[in-house]
Amino acid sequence: MSNSAKNNNPTVEEEEEEDEGDVFLGESDVIHEFDVDAEDLPEADDDDDGNEEEEFDENDDSVHTFTGHKGEVYALACSPTDPTLVATGGGDDKGFLFKIGNGDWAAELPGHKDSVSSLAFSYDGQLLASGGLDGVVQIFDASSGTLKCVLDGPGGGIEWVKWHPRGHIVLAGSEDCSLWMWNADKEAYLNMFSGHNQSVTCGDFTPDGKLICTGSDDGSLIVWNPKTCESIHVVKGHLFHTEGLICLDINSSSSLVISGSKDGSVHIVNTVTGKVVSSLTSHTESVECVKFSPSSATIPMAATGGMDKKLIIWDLQHSTPRFICDHAEGVTCVTWIGTSKYLATGCADGTVSVWDSLLGNCVHTFHGHQDVVQAISVSANTEFIVSVSVDNTARVYETSEFLNKTA
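Asker: Describe the sheet that holds strand β26 (residues 331–336), listing the residues and the values that go with them.
Answerer: Judged by pairing direction, the sheet is antiparallel, and its 4 strands sit side by side in the order β26-β27-β28-β29 without closing on themselves. With one partner strand each, in any of the chains shown, β26 and β29 (362–366) form the two edges of the open sheet. With direction set aside, neighbouring strand axes in the sheet form an average angle of 20°. Relative to β29, strand β28 (residues 352–356) runs antiparallel, the two sharing 4 bridges. By the bridge assignment, V352 is partnered in β29 with F366.

Here is the structure:
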């Protein structure tokens, strides 16, 4: 046996000393002291973090993750003309522009003094509007992120912003019960619409640009004349929602508006007559999102998602559920993927799922987010689905994986 091996074996006396308990060092035992910068010290949970990061990556299907936000991300918009350009906004009072596949480029959109609640690109992709809970709408050059103008007036936070389908006219709904419209090119106030009694929670121009439809926390839906500010139809009360509206969508022919409410009901209103033409009753909790199928759909359909963990695809010819698609948690957002038969949902469990509207089956589920998905959008070329979450991130998923499999 070598001497080195012998020296590694403790003697009986040494073993007894170890068994006696802790041995403490005294000052006389210190040979030399070193100054160590605290930043150089490893974190106590470095090993744990490493394992978590490894596990996290294995469950992350995203091809691009944007981590510029320091708070929950609420607002999202994909450019209608640049398939790579995405805008996000959130609870850190900031908005950002980033490009899919270009992790080195991002432009911060400063200026809001409260959460960025809504974002929208103009129809031609040139301008970006951001609405904040500070009651201000900001207009940016979409290509550079340069601030062009600030539009104010509302006495409460901005709930949503929308653009006219063929012009640089921007519309915003406010917590102060009002609706505001500006000309972004001229930085000019145009009109203020008054008629709701509570926050204007959802709204939009009709696709033909001739009307405006808005929904409110007061349970009413109003169809407006954009030029005169007059309310053409006020829909409320019997046969309509009993609680506040959360969401609405307008069909491609501008003739119908579908709305979802806190009371779990879904109604379809004719914009010309102001009459409720259909009531879709299958959800048992609040309806968070509603979307008409694209105009190219062979069968007129609508998709609705609710906190009852269900996506319902409706046959509008018969006002009946075509498919009821179960989720693990509440369905927070829904969007059709271009003009295809597919639609995507965002879920409170952090997943994004893609569904075949003609078969009613889930063709793919994307993982990556660690908390509730707040909004989803599809890139202009339909190659990417983008989602934002309470986990402070935006994530990008490729659609080719499931579209090619199911083509």
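Moving on, there is more to tell.
Asker: How would you sum up the environment of F384? Please name residues and give values.
Answerer: Relative to the helices and strands, F384 resides in strand β31 (residues 384–389). Accessibility expressed as a relative area gives 14% for F384, which makes it buried. Discounting chain neighbours no more than four positions away, the residues touching F384 are V63, P83, I100, S377, V378, S379, V396, Y397, E398 and T399.

Asker: So what about the side chain of S178? Which residues, and what values?
Answerer: By the secondary structure assignment, S178 is in strand β12 (residues 178–183). At 2.5 Å, the side chain of S178 and the side chain of D176 are in polar contact. In terms of polar contacts, S178 uses its side chain to reach the side chain of W180, at 2.7 Å. The residues touching S178, leaving out its near neighbours within four places in the chain, are A172, G173, M192, F193 and V200.

Asker: Go over the environment of T206, please, and point to the residues and values.
Answerer: Relative to the elements of secondary structure, T206 occurs in the loop between β14 (200–205) and β15 (212–216). Note: C-alpha distance between T206 and P165 (41 residues apart in sequence) is 8.1 Å. Other than its neighbours up to four places away in sequence, T206 contacts P165, L211, C213, I250 and S254. Here the side chain of T206 touches D208 through a polar contact of 2.7 Å, side chain to side chain.

Asker: How would you sum up the pairing of strand β17 (residues 231–235)? Please name residues and give values.
Answerer: Where strand β16 (residues 221–224) meets β17, 4 bridges bridge the pair, whose relative direction is antiparallel. Bridge pairing links V223 to H233 in β17. The antiparallel hairpin formed by β16 and β17 contains 6 residues in its connecting segment, where C229 sits at a positive phi of about 70°.

Asker: Let's hear about the nonpolar core: which residues, and what values?
Answerer: Membership of the largest hydrophobic core comes to 15 residues, with the highest contact counts inside it found for V137, I139 and W163. Residue assignment for this core shows that the elements contributing at least two residues are β7 (127–132), β8 (137–141), β9 (147–151), β10 (158–163), β11 (169–174) and β12. Sequence-distant contacts of V137, that is, excluding residues within four places in its chain, are made with A129, S130, C149, V150, L151, I158, V161, A172 and W182. By size, the runner-up hydrophobic cluster in this structure holds 14 residues, among which are F66, L76, F98 and V388.

Asker: Could you give me a rundown of the sheet that holds β15, with the residues and numbers involved?
Answerer: If you walk across this open sheet you meet the 4 strands as β14-β15-β16-β17, and the pairing is antiparallel. Two strands bound the open sheet, and with one partner strand each, they are β14 and β17. Taken pair by pair, the neighbouring strands of this sheet meet at an average axis angle of 15°, ignoring direction.

Reading guide: rules and limits
- Residues numbered from 1 in each chain as written.
- Predicted model: local features only at pLDDT ≥ 70, side-chain atom pairs only at ≥ 80, totals over all residues.
- Heavy atoms only, no water.
- Pairing = 2+ DSSP bridges.
- Helix = DSSP H or I, 4+ residues; strand = E, 2+ residues; numbered from the N terminus.
- Axes fitted to C-alpha atoms, helices over the stretch in contact; angles between N-to-C directions.
- Buried < 20%, exposed > 50% of the residue type's maximum accessible area, 1.4 Å probe, protein only.
- Contact = heavy atoms within 4.5 Å.
- Polar contact = N/O pair within 3.5 Å; in protein donor to acceptor, adjacent residues only side chain to side chain.
- Core = buried A, V, L, I, M, F, W, Y, C linked by side-chain atoms within 4.5 Å.

Read these as geometric descriptors, not functional statements.
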